[in-house]
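Residue-level structural notes
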Amino acid sequence: MQEKIKQAVKNEFCKKRILVLGDLMVDEYILGKVSRISPEAPVPVLNYKGRERNAGGASNVALNMYAMGGHIAIAGVAAKDESGLWLRDFLENTGIAIDGIVSEDGRMTTLKTRFATKGQQLLRVDQENCEGIADVTKQKLLQYVTSHIHEWSAVVLSDYCKGIFESPKFVQELIGICNKNHVIVTIDSKSRNISAFENADFVKPNNLELENAVDIKITDENSFDQAGKRYLAVSKAKSIIVTRGANGISIFESGKARRDYAAKAVQVFDVTGAGDTVISAVTLGLVSGLSLDASVVLANIAAGVVIGKRGTATVSKEELVRELNEK
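Residues numbered from 1 in each chain as written. Predicted model: local features only at pLDDT ≥ 70, side-chain atom pairs only at ≥ 80, totals over all residues. Heavy atoms only, no water.

Here we come to the packing of aromatic side chains. For the structure shown, the criterion picks out four aromatic pairs. Both rings, one in Phe165 and one in Phe170, keep their centres 6.3 Å apart while their planes meet at 25°; by these two values the pair is stacked. Both residues of the pair, Phe165 and Phe170, count as buried. Between Arg244 and the ring centre of Phe224, over which it is positioned, the NZ or CZ distance is 3.7 Å. (Phe/Tyr/Trp six-rings, centres within 6.5 Å; stacked < 30°, edge-to-face > 60°. Buried < 20%, exposed > 50% of the residue type's maximum accessible area, 1.4 Å probe, protein only. Lys NZ or Arg CZ within 6 Å of the ring centre and 35° of its normal.)

Two strands pair when backbone bridges link them, and strand β2 (residues 24-37) and strand β3 (residues 44-57) are joined in this way by 12 bridges, in the antiparallel orientation. Bridge pairing in β3 links Leu31 to Gly50. Between β2 and the antiparallel strand that follows it, β3, lie six residues. (Pairing = 2+ DSSP bridges. Helix = DSSP H or I, 4+ residues; strand = E, 2+ residues; numbered from the N terminus.)

A complete count under the given rule lists zero disulfides for this structure. Cysteine Cys161 remains unbridged, with the sulfur of Cys130 as its closest cysteine sulfur at 8.4 Å. (Disulfide = S-S within 2.5 Å.)

Next up on the list: the environment of Val136. As for its placement among the helices and strands, Val136 is situated in helix α4 (residues 135-148). The sequence separation of Val136 and Glu104 amounts to 32 residues, and the corresponding C-alpha distance is 8.6 Å.

On to a nonpolar patch on the surface. Residues Leu122, Leu123 and Val125 make up a contiguous nonpolar surface patch of about 230 Å² in total accessible area. Tracing the backbone through its elements, the reader meets Leu122 in strand β7 (residues 120-127). (Patch = residues over 30% accessible without salt bridge, like charges linked within 9 Å, V, L, I, M, F, W, Y side chains within 5 Å. Areas by Shrake-Rupley, 256 points an atom, 1.4 Å probe, with all protein chains shown as cover. Salt bridge = Lys/Arg side-chain N within 4 Å of Asp/Glu carboxyl O.)

We now examine the side chain of Thr109. The residue Thr109 is located in the loop between β5 (97-102) and β6 (110-117) in this model. Among the polar contacts listed, one links the side chain of Thr109 to the backbone nitrogen of Gly84, at a separation of 3.4 Å. In this view, Thr109 contacts Val26, Ala78, Ala79, Asp81, Ser83, Gly84 and Gln127; residues no more than four positions away in its chain are not counted. (Polar contact = N/O pair within 3.5 Å; in protein donor to acceptor, adjacent residues only side chain to side chain. Contact = heavy atoms within 4.5 Å.)

A few words now on the pattern of salt bridges. On inspection of all chains with the given rule, the structure shows 25 salt bridges. Note that Asp201 and Lys238 form a salt bridge whose closest N and O atoms lie 3.5 Å from each other. With Asp201 in the loop between β9 (184-189) and β10 (202-203) and Lys238 in the loop between α7 (221-235) and β11 (239-243), this pair connects stretches of sequence that are 37 residues apart. Among the ionic pairs, Lys229 bridges to Asp225, the shortest N-O distance being 3.0 Å. A residue pair is termed a helical-turn pair when its members lie 3 or 4 positions apart in one helix, as Lys229 and Asp225 do in helix α7 at four residues. Residues joined by salt bridges that share partners form a network here, namely Glu221, Asp225, Lys229, Arg244, Arg258 and Asp260.

It is worth spelling out helix α9 (residues 292-306) at this point. With 15 residues, α9 ought to run about 21 Å at 1.5 Å a step, and its terminal C-alpha atoms sit 21 Å apart, in line with that. Most of α9 is tucked away, with 15 of its 15 residues classed as buried. (Expected span 1.5 Å × (residues − 1).)

So, on to helix α2 (residues 58-67). Most of α2 is tucked away: eight of the 10 residues are buried. All of the buried residues in α2 are Ala58, Ser59, Asn60, Val61, Ala62, Leu63, Asn64 and Met65. Positioned one or two residues after α2, Gly69 has a phi angle of 115°, which is positive.

Looking now at the sheet that holds β6. Spatially, β3-β2-β6-β7 is the arrangement adopted by the four strands of the open sheet, whose pairing is mixed. Sheet topology places β3 and β7 at the edges, where each strand pairs with a single neighbour. Recorded for the sheet is a direction-independent mean angle of 20° between the axes of neighbouring strands. Lying on the sheet, helix α3 (residues 82-94) is in contact with β2, β3 and β6; it crosses β3 at an angle near 55°. (Axes fitted to C-alpha atoms, helices over the stretch in contact; angles between N-to-C directions.)

This part takes up the packing of helix α8 (residues 274-287) against α9. Closest axis-to-axis distance for the α8/α9 pair is 8 Å, and the angle between their directions is 145°. For the element pair α8 and α9, the recorded crossing hand is right-handed. Contacts between α8 and α9 involve Ala274, Thr277, Val278, Ala281, Val282, Gly285 and Leu286 on the former and, on the latter, Leu292, Ser295, Val296, Leu298, Ala299, Ala302, Ala303 and Val306. Split into classes, the residues belonging to the contact of α8 with α9 amount to 12 nonpolar, three polar and no charged. (Left-handed = near helix turned anticlockwise from the far one by under 90°. Nonpolar A, V, L, I, M, F, W, Y, C, P; charged D, E, K, R; others polar.)

The two faces of the sheet receive side chains in turn, since in a regular strand these alternate between them. For strand β1 (residues 17-22), the buried fraction is high: five of the six residues fall into the buried class. Taken together, the five bridges between β1 and strand β4 (residues 71-77) define a ladder with parallel strand orientation. Each bridged residue has a counterpart across the sheet, and for Leu19 the counterpart in β4 is Ala73. Note: β1 against strand β8 (residues 154-159), five bridges, orientation parallel. Following the sheet pairing, Val20 is matched in β8 by Val156.

Any functional reading would require information beyond the geometric quantities listed.
Printed below as a string of structure tokens:
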């Protein structure tokens, strides 16, 4: 299996074109030094040193897949405000196609601003509109997907509950377009409305998202198994992949026993964005001819690299090949 995975990463990922559609965000960091408490209130005074910005949300999934070697297009909603214009420029300059990004009157770009010193957050300020997108926006996105669907091997729906996928009908329409055109559709969603995922190739909740979606508290392997089977039955997805942190990744498929894949033992610096890495690796693996299980093995390796980095990070094709060579 290992050699087949390595050959897919080296030779097939670069041939694949994939759309990531979902909630676009900008992660902003206001950095500085704290040396005193304000005389006005019992709060630290941050002496401003600089600002950094990263593309977050669905954008991070796109960046992960691009770093692994795929040809990536992105679709979603971002305003023509400063954050939205920065995001477009950043993604386009990276090499990701942005013609699927649309704006909506009165809707801001989701911006998360973190004030931090020496890696420690002092405060986070969110500017966002989490209400469902307008019907006209849905139609623009559906038209974009319909007109370009023949270009892609897969479509990834990245749902951070910021309004893109609030309508189950819209989600089903997107899945239907993919199914009709024999395009793999994969979903990473924080939503509790999982019945909208019928006929998706796989859905990737984490442990907490699984608990919340099916209202089963996971306390042991038995309750975890019950929750996974319940999610699979209600969603009617073809399979679900559950990321379990230190416990690795588990696969649930109808009519088959659960399969567990242990996480790689690594020094953990930051788990931020690890789920984005997993759905990216599994999706690229599937469209490159790997089985679901082999794709999950690859995803575990990729996640092990990412959590060894600080902040929201990606794993490159070269890093994956190096890790596979060490196996």
